[in-house]
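# Results of the structural survey
As a plain string of letters, each chain reads:
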Amino acid sequence: MVPVKKPSARALALGLIPFIAMCFSVALWDRVYPMLFGIPFNLFWLICWIVLSALCMRAAYRMESAREKTDSETQ
Amino acid sequence: MSPTTVALTMIFAIVFIGATIGMLAGARRKMDLEQWTVGGRGFGAVLMYLLMAGETYTTFAFLGASGWAYSRGGPTLYVMAYLTLAYVVSFFILPQIWEVGRKYGMQTQSDFFSVRYGNRYLAGFVCIVGIASFIPYLQLQLTGLGIIVSIASFGGIGRTPAMVISVILLAAFVFASGIRAVAWVSVLKDVLMVLAAAAIGIGIPHIYFGGIGPMFAALAHAHPAHLTMPGATADLGHTWYVSTVLLTALGFYMWPHQFSATFTAKSSDTLRRNAVAMPLYTLTLAFILFAGFTAVLVVPGLANGDLALLTVVRQSFPPWFLGLVGGAGALTAMVPASIFILSAATLFAKNLYRPIFAPAMTDEQVAKLARVMVVVIGIVSLCLAIYTSTTLVSLLLIGYAGVSQFFPGVLLGLYWKRVTTAAVFAGMIAGVATTIFLMLSHRDPWRGWSAGFVALILNFLITILISLLTQPSQQGEARGAHARA
């Protein structure tokens, strides 16, 4: 099969951030207090990270599409 | 008009508008196999977004997530995390899958395995595990639909007639317009679902407690342990959370319908942009959770947590709104059900029947057979949903753990030249067998770890180890391409 283009290490690092924040670090944020805007801390944390994850992926998107552009120019 | 009439009228109106949109979606196009299964690879970012959202937010998200918030508490948070992370994973694999899909004309997940590994038994195995995993999922959607419509109509229409009518409608629009129908019905469904979720999630805490903050304060006071893990359960703690989130985030795009929906995109860039925007749709789930948590205090003691959301909605809102929720809920079941039927029918005709029984079939004949299979699968799943109803959720979890076992074959197949057919086959069989054994012997979670995750780790290890011990065959690609042509 055609070799596919691998994602850049920097984009992968950006993709790892949401995993650390929403998955691996669960023991640090799984608590009720302090409640923020009336929402338990763990739920609030996840809601924030849904938005922040989208921002991480937006940065990764920019990185990847910039790379694609320079690649197609050099070819 | 009686409340039943109002609610029923609303439900029927929404469902029929949805079905009509679906019927018309492919009206002006010639429905060959390529159009029917992957929409001619022409979906732009917006339609793609709505199709993926439509496939993802099923009755399980609607009833299941709120049901978990009600009956289990804290562990339900895994739903928000895994969906977000599934889209992060998708950023790194879907554009690549799309590229090879276009190059080799792939339409199904099984096509990917057939081209990459050039082994029809492996492709057939993937196909069978995929179809077997669909069945409980499909059954769950139909059962959920029956529950939603009968409760939302105040019992005005029974579960069985509701299921029969909806299966006839969805089989009709899938038959006529294929994947385009599913995408366009999703548009209506997503709009209604977001509106209903927001109204429920903000409205219900407001009605009973004067707001979301006071509701959570009251819940934290009444049940201090409910809002964190393991909540109301004994063994769904942090280890379970991490392993389940990883399993489901990695396995998410291994569902055959999610995988093949990739091929509908217009470009790999569409998929990347989609991966950036999809997490935001997960925010609507927060509203569903708010409603589920409120139900703990308002309608305590329900035997079936899945009914919590609808029970509290029924006693809090006027009949027309209940009808709206019922109609949106019905579409929430019909959209995923229709894509399951479409994918299973295509897999059966293209990847199981043709390679094994009738290699000479043309694409047109495959398309015809797939359409016939839509009707057959519709009838079979309807019978299953009507005559069996127990332990569906456990079957569903087996399905999830089962399809996740495709992940090593896909990931390593894309990025590691050294991976061999024998290794992927061995890893997959070990993974599927481990999953079934642990789950059927009630060892899930196993020592706190999600059983499917344990199986996935084993699968990865076996695949890598055997790959290093065997020689990669250079013929895989050539044979796969030949089989396709």
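None of these values were measured; they are calculated from a predicted model.

## Thoughts on the overall build of chain A
Of regular secondary structure, chain A possesses 3 helices and 0 strands. Written out in order from the N terminus, the α and β elements of chain A read α-α-α. Here chain A has a C-alpha radius of gyration of 17 Å; the compact-globule value for 75 residues is 11 Å, and the former is much larger. Projecting the C-alpha coordinates of chain A onto the three principal axes gives extents of approximately 55 × 25 × 20 Å. Per-residue burial over chain A gives 45% buried out of 75 residues.

## Some remarks on the interface of chain B and chain A
Of the residues lining the interface, 46 residues belong to chain B; the matching set on chain A comes to 39 residues. Summed over both partners, the interface of chain B with chain A comes to about 3,700 Å²; 81% of that surface belongs to carbon and sulfur atoms. Across the chain B-chain A interface, the total number found is 0 salt bridges. Taken together, chain B and chain A are joined by 7 residue pairs in polar contact (both at pLDDT 80 or more).

## Regarding the pattern of salt bridges
Residues and elements named next belong to chain B. In this structure the tally under the stated criterion is 7 salt bridges over all chains. Salt-bridge contacts for Arg41 lead to Glu34; the nearest nitrogen and oxygen are separated by 2.8 Å. As a salt-bridge pair, Asp363 and Arg354 come within 3.1 Å of each other at their nearest N and O atoms.

## Let's talk about unusual backbone geometry
The omega torsion across Tyr33(A) and Pro34(A) is 0 degrees, close enough to zero to call that bond cis. Mapping Pro34(A) onto the fold places it in the loop between α2 (26-29) and α3 (41-74). Cis rather than trans, the peptide bond between Met229(B) and Pro230(B) has omega equal to 5 degrees. At His442(B), a residue that is not glycine, the phi angle is positive and equals roughly 55 degrees. Position of His442(B) relative to the elements: it lies in the loop between α19 (421-440) and α20 (451-469). Notably, Arg447(B) is not glycine yet its phi reads approximately 50 degrees, a positive angle. Relative to the helices and strands, Arg447(B) resides in the loop between α19 and α20.

## Quick word on the side chain of Asp190(B)
Structurally, the position occupied by Asp190(B) is in helix α8 (residues 159-209). Accessibility expressed as a relative area gives 2% for Asp190(B), which makes it buried.

## Details of the packing of aromatic side chains
All names here are of chain A. Enumeration over the complete set of coordinates arrives at 35 aromatic pairs over all chains. A centroid spacing of 6.3 Å and a plane angle of 20 degrees characterise the contact between Trp29 and Trp45, whose relative ring orientation is stacked. Here Trp29, found in helix α2, pairs with Trp45, found in helix α3; they are 16 residues apart in sequence, far enough to count as distant. Trp29 gets classed as buried once you look at its relative accessible area, which sits at 2%.

## Focus on the side chain of Ser450(B)
Residues and elements named next belong to chain B. In this structure, Ser450 sits in the loop between α19 and α20. By relative accessible area, which is 6% here, Ser450 ends up buried. Contact partners of Ser450, with chain neighbours within four places excluded, come to Ser243, Thr244, Leu247, Asp444 and Pro445.

## Regarding the packing of helix α7 (residues 120-152) of chain B against helix α16 (residues 363-387) of chain B
Helix-helix packing is described using two parameters, namely the angle between the two axes and the distance between the axes. Residue and element names in this part refer to chain B. Here α7 crosses α16 at 65 degrees, and the two axes come no closer than 9 Å. Classified by the angle their axes make, α7 and α16 are roughly perpendicular. Where α7 crosses over α16, the two elements pack in a sense that is right-handed. Within the contact between the two elements, α7 uses Ile135, Leu138, Gln139, Leu142 and Thr143 and α16 uses Ile377, Ser381, Leu382, Leu384 and Ala385. Here the residues of the contact of α7 with α16 are counted per class, giving 7 nonpolar, 3 polar and no charged.

## Concerning the packing of α7(B) against α19(B)
Residues and elements named next belong to chain B. Viewed as axis vectors pointing N to C, α7 and α19 meet at an angle of 25 degrees, and their least axial separation amounts to 10 Å. As judged from the angle between their axes, α7 and α19 are roughly parallel. Considering the relative orientation of α7 and α19, their crossing is left-handed. The residues of α19 that touch α7, namely those facing Tyr121, Leu122, Phe125 and Val126, are Thr421, Val424, Phe425, Met428 and Ile429.

## Topic: the state of the cysteines
Residues and elements named next belong to chain A. Taken as a whole and assessed by the stated rule, the structure comprises 0 disulfides over all chains. With no disulfide partner, Cys48 has as its closest neighbouring cysteine sulfur the one in Cys56, 13 Å distant. For Cys48, a relative accessible area of 29% corresponds to the partly exposed category.

## Looking at helix α5 (residues 78-104) of chain B
Between its first and last C-alpha atoms α5(B) spans 37 Å; for 27 residues at 1.5 Å apiece the expected length is 39 Å, and the two agree. Bending of α5(B) peaks at approximately 45 degrees at the position of Phe91(B), with proline Pro95(B) no more than four residues after it.

## With respect to the confidence of the model for chain B
Low pLDDT marks regions whose predicted coordinates should not be analysed in detail. Averaged over every residue, the pLDDT of chain B is 87; the share at 70 or more is 95%. Mean pLDDT per element in chain B: helix α21 (residues 476-484) of chain B is the minimum at 43, and helix α9 (residues 212-222) of chain B is the maximum at 94.

## Considerations on the nonpolar core
Core analysis: the biggest nonpolar cluster contains 196 residues, and Leu43(A), Tyr57(B), Ile93(B), Phe113(B) and Tyr241(B) have the highest contact counts within it. Counting residues per element, this core draws most heavily on helix α15 (residues 319-357) of chain B, at 20 residues. When sequence neighbours within four positions are dropped, the list of residues in contact with Phe113(B) reads Gly118(B), Leu122(B), Ala123(B), Val126(B), Phe406(B), Gly409(B), Val410(B), Val424(B) and Met428(B). Ala401(B), Leu438(B), Met439(B) and Ala451(B) belong to the second-largest nonpolar core, a separate cluster that totals 5 residues.

Rules behind the numbers
Residues numbered from 1 in each chain as written. Chains lettered and ligands numbered in written order. Predicted model: local features only at pLDDT ≥ 70, side-chain atom pairs only at ≥ 80, totals over all residues. Heavy atoms only, no water. Helix = DSSP H or I, 4+ residues; strand = E, 2+ residues; numbered from the N terminus. Rg over C-alpha atoms; globule rule 2.2 N^0.38 Å. Buried < 20%, exposed > 50% of the residue type's maximum accessible area, 1.4 Å probe, protein only. Contact = heavy atoms within 4.5 Å. Buried area = accessible area lost by both parts, 1.4 Å probe. Salt bridge = Lys/Arg side-chain N within 4 Å of Asp/Glu carboxyl O. Polar contact = N/O pair within 3.5 Å; in protein donor to acceptor, adjacent residues only side chain to side chain. Phe/Tyr/Trp six-rings, centres within 6.5 Å; stacked < 30°, edge-to-face > 60°. Axes fitted to C-alpha atoms, helices over the stretch in contact; angles between N-to-C directions. Parallel < 35°, antiparallel > 145°, perpendicular 65-115°, else oblique. Left-handed = near helix turned anticlockwise from the far one by under 90°. Nonpolar A, V, L, I, M, F, W, Y, C, P; charged D, E, K, R; others polar. Disulfide = S-S within 2.5 Å. Expected span 1.5 Å × (residues − 1). Bend = angle between axes of the 7 residues up to and from the residue. pLDDT = per-residue confidence, 0-100. Core = buried A, V, L, I, M, F, W, Y, C linked by side-chain atoms within 4.5 Å.

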